[in-house]
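Spelled out from the first residue to the last, the chains are:
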Amino acid sequence: MLTIQENYSLKEHNSFGLDVKARYFVEYESEDDLVQFLAQTDTTSTRLFHIGSGSDLLFTRDFDGYLLHSAIKGIEVLEDKGDSAVLKVGAAVIWDELIKWTINNGYYGLENMSLIPSEVGAAAVQNIGAYGVEVKDYIQSVECVDLHDGRTARFFNEECKFSYRHSIFKDQWRGRYAITKVVFSLPTRFVPNLQYRGLRELPLEGLTAQAVRNKVISLRQGKLPEPAVLGNAGSFFLNPIVSVDKYEALLQQYPDMPHFPVPSSSDSDDTGQFVKVPAAWLIERAGWKGKNIGRAGVYELQPLVLVNRGGATPDEIVTLAATIIDDVNRKFGITLKPEAIYI
Ligand code: EPU
């Protein structure tokens, strides 16, 4: 089934809770529904964009076109190979529901990414990650529909060009494909990944995936605002990756500046030459923690998160983000890049 709603409020479809509208909101329950819609609709003169749960988006104005949203659900075990299993999951499955299901059914690996607000399709577009794990580590392939010609396509992990919070679907092919299903390969034996500070204190003896999940949930709840209470899009900016030279020059001035090794997933060719500097630290040091512009604010507990203090307009969020980028650039010579997608 497919539904089209006109002048549709997107308040429930963007976690900033911005009061914007879509000219048409199109929701489909199967790949065939989407293919049929594309065949019957003149999409050359009207804008088309696909969203997931809207938790990493910034609508800068009303959307004057067809805004697509998948309602494809379902978790299917395609193959159980003993030490690993292959799962095919509908793009509209709530990310955290998938994690709960995998742990309950003896499939592991996703637990460090518990509670990330996302749907499965968008998780692949954004290569979501947390606590030392990225979703690309477990994606085997992605099934899509080409929004230009309605053809179905399948892309294997390497073809998706995953990197830190990026994939080919967010960059080069932005807006071109609707992801309908994601195929995961998950181990059936739990091997904890505790490299991230905060998880290291967990006792290894008798540790379960559920215990890691519980810890991740409590860490997240301690520093990330609940979107239903305070609108936000998670980390608004990416953590910048700077050259060692740049880092060392800044260190002269700010000896306490924290830094992290660049994970192998980053886009840089030579991981030895680059350093990741926490954007949260830069924003805090620039004096923005807890500050507001209009009804848009910088979250008190985690300055990487911009929040809607209630009734903020898209312009207020855009202005706050741009002002922070300018200020951090002036003070540190580093240009922050938004993780959130502007529409
Ligand atoms: N920091 C400060 N002040 C603060 C908070 C943090 O200076 O108030 C500095 C500290 O040096 C801290 C560092 O920032 O050690 C890192 O902070 P945190 O561990 O909270 O992680 P993050 O780098 O801010 C990233 C991801 C999060 C993910 C966490 C945990 C990005 C853009 N963000 O945040 O992902 O949950 O690590 O893995 O990579 C998201 O993408 O939406 C998201 C929430």
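Residues numbered from 1 in each chain as written. Predicted model: local features only at pLDDT ≥ 70, side-chain atom pairs only at ≥ 80, totals over all residues. Heavy atoms only, no water.

On to the sheet that holds strand β16 (residues 274-276), then. Taken in spatial order, the 3 strands line up as β14-β16-β15 in an open sheet, and their pairing is antiparallel. Each edge of the sheet is formed by a strand with only one pairing partner; in this case those strands are β14 (241-243) and β15 (260-261). Bridge count between β15 and β16: 2 bridges; the pairing is antiparallel. The partner of P261 across the bridge, within β16, is V275. Packed on one face of the sheet, helix α5 (residues 244-253) meets β14 and β16 and runs near 90° to β14. (Pairing = 2+ DSSP bridges. Helix = DSSP H or I, 4+ residues; strand = E, 2+ residues; numbered from the N terminus. Contact = heavy atoms within 4.5 Å. Axes fitted to C-alpha atoms, helices over the stretch in contact; angles between N-to-C directions.)

What follows concerns the site of the ligand. As a structural note, the neighbourhood of the ligand is formed by 24 residues, with Y131, Y164, Y196, E284 and K289 the closest of them. In this structure, Y131 approaches the ligand through a main-chain N or O atom, which is 2.7 Å from an oxygen atom. At 3.0 Å from an oxygen atom of the ligand is found a side-chain nitrogen or oxygen belonging to K223. About the coverage of the ligand: the protein hides 83% of its 820 Å² of free accessible area. (Near = heavy atom within 4 Å. Polar contact = N/O pair within 3.5 Å; in protein donor to acceptor, adjacent residues only side chain to side chain. Areas by Shrake-Rupley, 256 points an atom, 1.4 Å probe, with all protein chains shown as cover.)

Turning next to the packing of helix α2 (residues 95-104) against helix α4 (residues 209-223). Direction vectors running N to C along α2 and α4 enclose 155°, while the axes themselves pass 10 Å from each other. One way to sum up the angle between α2 and α4 is to call them roughly antiparallel. When the axes of α2 and α4 are compared, the crossing they make is left-handed. Residues D96, I99, K100 and I103 of α2 pack against A209, Q210 and R213 of α4. A class-by-class count of the residues in the contact of α2 with α4 yields 3 nonpolar, 1 polar and 3 charged. (Parallel < 35°, antiparallel > 145°, perpendicular 65-115°, else oblique. Left-handed = near helix turned anticlockwise from the far one by under 90°. Nonpolar A, V, L, I, M, F, W, Y, C, P; charged D, E, K, R; others polar.)

Turning to the pairing of strand β10 (residues 139-146), a few remarks are in order. Burial within β10 is extensive, with 7 of its 8 residues counted as buried. Pairing analysis gives 7 bridges linking β10 to strand β12 (residues 177-187), with the strands arranged antiparallel. Bridge pairing in β12 links V145 to A178. Direction of pairing for β10 relative to strand β11 (residues 152-156): antiparallel, over a ladder of 5 bridges. Across the sheet, residue E143 finds its bridge partner in β11, namely R154. Counting the residues in the hairpin turn of β10 and β11 gives 5 residues, including G150, whose phi is positive at 75°. (Buried < 20%, exposed > 50% of the residue type's maximum accessible area, 1.4 Å probe, protein only.)

In this section: the packing of aromatic side chains. In total, this model carries 19 aromatic pairs according to the counting rule given. Here F37 and Y66 contribute two aromatic rings whose centre-to-centre distance is 5.4 Å and whose plane-to-plane angle is 80°, an arrangement assigned as edge-to-face. Placement of F37 in helix α1 (residues 31-40) and of Y66 in strand β5 (residues 63-70) is noted, with a sequence separation of 29 residues between them. Centre to centre, the rings of Y131 and Y196 are 4.8 Å apart; their planes meet at 80°, and the pair counts as edge-to-face. Highlighted residues: Y131 in the loop between β8 (129-130) and β9 (133-134) and Y196 in the loop between β12 and α4, separated in sequence by 65 residues. Residue classification places Y131 among the buried positions, given a relative accessible area of 8%. (Phe/Tyr/Trp six-rings, centres within 6.5 Å; stacked < 30°, edge-to-face > 60°.)

Moving on: the side chain of E111. Inspection of the secondary structure puts E111 in the loop between α2 and α3 (120-126). Look at E111: it is buried, it has no salt bridge, and the nearest opposite charge is R213 at 8.8 Å. (Lys, Arg positive; Asp, Glu negative; His and termini not counted. Salt bridge = Lys/Arg side-chain N within 4 Å of Asp/Glu carboxyl O.)

Once that is clear, we can look at the side chain of N112. Structurally, N112 can be placed in the loop between α2 and α3. Looking at N112, its side chain comes within polar contact range of the main-chain oxygen of Y131, at 2.9 Å. If near-sequence neighbours (up to four positions away) are discounted, N112 is found in contact with A130, Y131, V133, N193, L199, V212 and V216.

Our focus in this paragraph is the sheet that holds β11. Sheet strands associate in pairs through backbone hydrogen bonding, adopting either a parallel or an antiparallel arrangement. One open sheet accounts for 5 strands, arranged β6-β7-β12-β10-β11; its pairing is antiparallel. If you trace the sheet from one side to the other, it starts and ends with β6 (75-80) and β11, each paired once. For this sheet the average axis-to-axis angle between neighbouring strands, irrespective of direction, equals 20°. Its contacts with the sheet put α1 on β10, β11 and β12, and the angle it makes with β10 is roughly 35°.

Attention shifts here to the pattern of salt bridges. Scanning the entire structure with this criterion turns up 16 salt bridges. A salt bridge links R176 to D146, with the nearest nitrogen and oxygen atoms 2.7 Å apart. Of this pair, R176 sits in the loop between β11 and β12 while D146 sits in strand β10, and the two are 30 residues apart along the sequence. Take R176: its relative accessible area is 27%, and that puts it in the partly exposed class.

The subject of this paragraph is helix α7 (residues 314-332). Between its terminal C-alpha atoms α7 stretches 27 Å, which fits the 27 Å expected from 19 residues at 1.5 Å a residue. Burial in α7 covers these residues: P314, E316, I317, L320, A321, I324, I325, D327, V328 and F332. Note on α7: the residue one or two positions beyond its end, G333, has a positive phi of about 65°. (Expected span 1.5 Å × (residues − 1).)

Let us now look at the environment of S118. With respect to the helices and strands, the residue S118 is situated in the loop between α2 and α3. Linking S118 and I241, residues 123 residues apart in sequence, is a C-alpha distance of 25 Å. Those residues in contact with S118 that lie beyond four places of it in its chain are S53, S55, I94, W95, A123 and I128. Within the structure, the side chain of S118 is placed 3.4 Å from the backbone nitrogen of A123, a separation counted as a polar contact.

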